[in-house]
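Summary of the model geometry
In case you want the letters, here they are:
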Amino acid sequence: MQSARSADHVTGDRSNTPSGAFGASADSPSEPLVPGSAVVVVDDRLGDVIPAAAVPALRRAAAVYVAPGLSAATVEALDEPVAPAAEALLAQAAREPVVLFAPDLASAQVQALRGAGAALLGSHPPVGVELLDAVTVMDRLRSPGGCPWDAEQDHDSLRRYLVEETYELLDAIDQQDRPSLREELGDVLLQVLFHARIAAEDATEPFGVDEVAADLVGKLVSRHPHVFTEFESVHDAESQQLRWDELKQREKQRESIVDGVATGQPAAALAAKLVQRAERAGVPRALVAVGESPGAVLFDLVARARLAGDDPEDDLRAAALAFAGRVRDAEAAARADGQDPHGLSSAQWSRYWNTAAGE
C-alpha cells in the first residue's frame, strides 16, 4: 500500500479552497491578463486526475506550471515546470495565456493570478474522499519510521480494541450524543483500516482495504437485486430480510440454518440470533425450549422476547442501565442524609432504594 502524498500534505488544511469558487473569476483585477489564464485546483488524493473544465484552458495555454504544495507524484505526472515568482508569472500572463496547477489557493502565485482575474477551475471531490487520507495515515503509522506500537500489532492483539470501540459506539447511540457518535464511528473505522493494513502484509494471502471494499460492494449489489436490477421487486422490509437470508444461504452454501452465526457475541444476542434463524426456517416454537437449567431458563426468556419482536440484548442492557441508575440514586439519597454509601446496612439500602424511587 503506497501513498503519493507526504504526511504533511495529508494533514494539511484544504479549507482555503472554496467549494463554490470553481469556474469563477476574482473581482477587481490588479493587472490585465490576456484571456485564457487559469488556476486549476487538483486533488492529488484522486491520482492522475485533472478537472474536465481544465482541458479547454490547457489547449489555449502558452505555458503550464505547477504551484508549490503538489505531491511529488503529481508533479512528475504533470511533467511541467515549477511556477516562477508571482511577479514574473503575472508579467507572463499579461502577454500570453498561462495555466497554473495548484493543490489549493494558498500560494503567492495562485493569489496573484486570481487577483488579476484568472479563472479558477476545479471539480468537487466525491463523497468519501477523506477516506483516502485515513488510509494514507494508517499506512504511514504502520510503515518503517511510523509508530512502534502500531507496527507491533496483529489481528489477535487488536481484538479487544474492536470490541471496546464497538461498545463505545453503542453507548453513544444509547445516549444520543451526536459528537460522540461521530467520534466513535471514526474509532470503529480505524479498526477496519488497521486490520486491512495488517492483512495487506500477509505473506501467503495478502489483501488490502481495496479488496475489502470491493467485496463489500459485490455483496451489497448481489443481495439487493431489487435495487440494482430490473428483474425483481421487494415491497417491504420484512420481505427484503427474508430475501436477504435466502441469497446469503445460497451464496455461502451453508448446510445448516445456524451456520454463520457468530458464536463469540454476547450470550443474549447469540441466543436471539439462533432463535431468529430457527423461526425463519419454520422450526415450531414449542421446540425452542431447551431444558430446565438456569441457562436454559434464560434462553427461554430470550427466545420468548425475540419471538415477540423485541431485542433481548437491548432490553437487557436497558434494564442493566436502569439498575445502575437506581443504585446511583440510592447512593445520592444516602449522601444527602449524611451517610457513607460504602457502609450501608441492608435495611439502609432498602430505605434509600425506596427513597430514590419516590416510595
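Placed above this text is the structure.
Rules of the game
- Residues numbered from 1 in each chain as written.
- Predicted model: local features only at pLDDT ≥ 70, side-chain atom pairs only at ≥ 80, totals over all residues.
- Heavy atoms only, no water.
- Helix = DSSP H or I, 4+ residues; strand = E, 2+ residues; numbered from the N terminus.
- Polar contact = N/O pair within 3.5 Å; in protein donor to acceptor, adjacent residues only side chain to side chain.
- Expected span 1.5 Å × (residues − 1).
- Contact = heavy atoms within 4.5 Å.
- Buried < 20%, exposed > 50% of the residue type's maximum accessible area, 1.4 Å probe, protein only.
- Patch = residues over 30% accessible without salt bridge, like charges linked within 9 Å, V, L, I, M, F, W, Y side chains within 5 Å.
- Areas by Shrake-Rupley, 256 points an atom, 1.4 Å probe, with all protein chains shown as cover.
- Salt bridge = Lys/Arg side-chain N within 4 Å of Asp/Glu carboxyl O.
- Axes fitted to C-alpha atoms, helices over the stretch in contact; angles between N-to-C directions.
- Parallel < 35°, antiparallel > 145°, perpendicular 65-115°, else oblique.
- Left-handed = near helix turned anticlockwise from the far one by under 90°.
- Nonpolar A, V, L, I, M, F, W, Y, C, P; charged D, E, K, R; others polar.
- Pairing = 2+ DSSP bridges.

**Details of the side chain of aspartate 43**
- Of note, aspartate 43 is situated in the loop between strand 1 (38-41) and helix 2 (54-60).
- Reaching out from aspartate 43, the side chain makes a polar contact with the side chain of arginine 45 at a distance of 2.7 Å.

**Some remarks on helix 9 (residues 178-199)**
- For helix 9, built from 22 residues, the straight-helix expectation of 32 Å at 1.5 Å per residue is met to within 8% by its first-to-last C-alpha distance of 32 Å.
- Its buried side turned inward, helix 9 meets helix 6 (130-142), helix 7 (148-152), helix 8 (159-175) and helix 10 (209-222).

**A look at the environment of valine 129**
- Turning to its location among the elements, valine 129 is positioned in the loop between strand 4 (119-121) and helix 6.
- Assessed through its relative accessible area of 6%, valine 129 is described here as buried.
- A sequence separation of 83 residues divides valine 129 from leucine 46, and the C-alpha atoms of the two residues are 7.9 Å apart.
- Not counting residues within four places of it along the chain, the set of residues in contact with valine 129 comprises Asp43, Arg45 and Leu46.

**Details of a nonpolar patch on the surface**
- Judged by side-chain polarity, Leu131, Leu189, Val192, Phe207 and Val212 come together as a nonpolar surface patch covering roughly 380 Å² of accessible area.
- When you line up the elements, leucine 131 lands in helix 6.

**With respect to the packing of helix 6 against helix 9**
- Running from N to C, helix 6 and helix 9 cross one another at 55°; their axes reach a closest spacing of 10 Å. Overall, the two elements helix 6 and helix 9 adopt an arrangement that is oblique. The interaxial crossing formed by helix 6 with helix 9 has right-handed handedness. Contact residues: helix 6 offers Leu131, Ala134, Val135, Met138, Asp139 and Arg142, while helix 9 offers Leu189, Leu190, Leu193, Phe194, Arg197 and Ile198.
- Of the residues assigned to the contact of helix 6 with helix 9, the class counts are nine nonpolar, no polar and three charged.

**A closer look at the sheet that holds strand 4**
- Read from one edge of the open sheet, four strands run 2-3-1-4, paired in parallel fashion. Either end of the sheet is taken by a strand with one partner, and the two such strands are strand 2 (63-66) and strand 4. Going across the sheet, the axis of each strand differs from the next one's by a mean of 20°, ignoring polarity.
- Across the sheet, helix 4 (residues 86-93) touches strand 2 and strand 3 (98-102), and the angle it forms with strand 3 is around 140°.
- Helix 5 (residues 108-115) rests against strand 1, strand 3 and strand 4 of the sheet, and its axis sits at about 135° to strand 3.

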